[in-house]
Amino acid sequence: QVQLVESGGGLVQAGDSLRLSCVASGRFFSSYTMGWFRQAPGKERAFVASSNWNGENTKYSESVKGRFTISRDNAKNTMYLQMNSLKPEDTAVYYCARAAVAYTVPSRVASYDNWGQGTQVTVSS
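Draft legend 1. Region of the structure containing the pairing of strand S11 (residues 119-124). Here S11 shows a buried face lined by Thr-119, Val-121 and Val-123 and an unburied face lined by Gln-120, Thr-122 and Ser-124. Sheet analysis places strand S2 (residues 10-13) next to S11, joined by four bridges and oriented parallel. Counterpart to Gly-10 in the pairing with S11 is Val-121.

The structure is reproduced here in structure tokens:
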């Protein structure tokens with residue numbers, strides 16, 4: 001039921017940074033685990049990061065750990081993905097998504113029931 005809108009993607013050079021935002025409608029944003037996924041052309045949608053309802057429980061894929069940071073501002077119904085030290089292999093459409101849980105941080109696409117439209121991130125070398 002929640003509507004999700006991503007923004008912040010763009011074309012950057014390797015080593016640069018971007019911050020993606022995901023704005024959700026409805027005041028119950030804070031009730032759900034939220035996640036970021038990405039999908040490169042010809043590849044499966046892949047997990048990037050997730051955060052439980054209050055941000056105390058987070059999870060990252062090994063490929064982004066130490067470079068990306070997921071955060072959320074529940075008062076603003078907004079989730080962020082700070083991406084530093086970007087690499088060409090980070091190039092993908094990035095999606096935010098909501099899970100039907102509040103405390104766990106699943107990494108499977110099937111665990112999420114609502115998706116944004118995606119924002120393109122392209123990293124050149």
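Draft legend 2. Looking closely at the sheet that holds strand S8 (residues 78-83). Read across the open sheet, the four strands follow the order S1-S3-S8-S7; overall the sheet is antiparallel. With one partner strand each, in any of the chains shown, strand S1 (4-7) and strand S7 (68-73) form the two edges of the open sheet. Averaged over all pairs of adjacent strands, the angle between strand axes in this sheet comes to 15°, irrespective of strand direction. Bridging between S7 and S8 involves six bridges; their strand directions are antiparallel.

Draft legend 3. Geometry of the state of the cysteines. Enumeration over the complete set of coordinates arrives at one disulfide. A sulfur-sulfur distance of 2.0 Å marks the disulfide that ties Cys-22 to Cys-96. Taking the torsion about the S-S bond as the criterion, the Cys-22 to Cys-96 disulfide, at about 55°, is right-handed. Separated by 74 residues along the polypeptide, Cys-22 in strand S3 (residues 18-24) and Cys-96 in strand S9 (residues 92-99) bring together distant segments of the chain. Residue Cys-22 shares its accessibility class with Cys-96, and that shared class is buried.

Quick notes on the rules
- Residues numbered from 1 in each chain as written.
- Predicted model: local features only at pLDDT ≥ 70, side-chain atom pairs only at ≥ 80, totals over all residues.
- Heavy atoms only, no water.
- Buried < 20%, exposed > 50% of the residue type's maximum accessible area, 1.4 Å probe, protein only.
- Helix = DSSP H or I, 4+ residues; strand = E, 2+ residues; numbered from the N terminus.
- Pairing = 2+ DSSP bridges.
- Axes fitted to C-alpha atoms, helices over the stretch in contact; angles between N-to-C directions.
- Disulfide = S-S within 2.5 Å.

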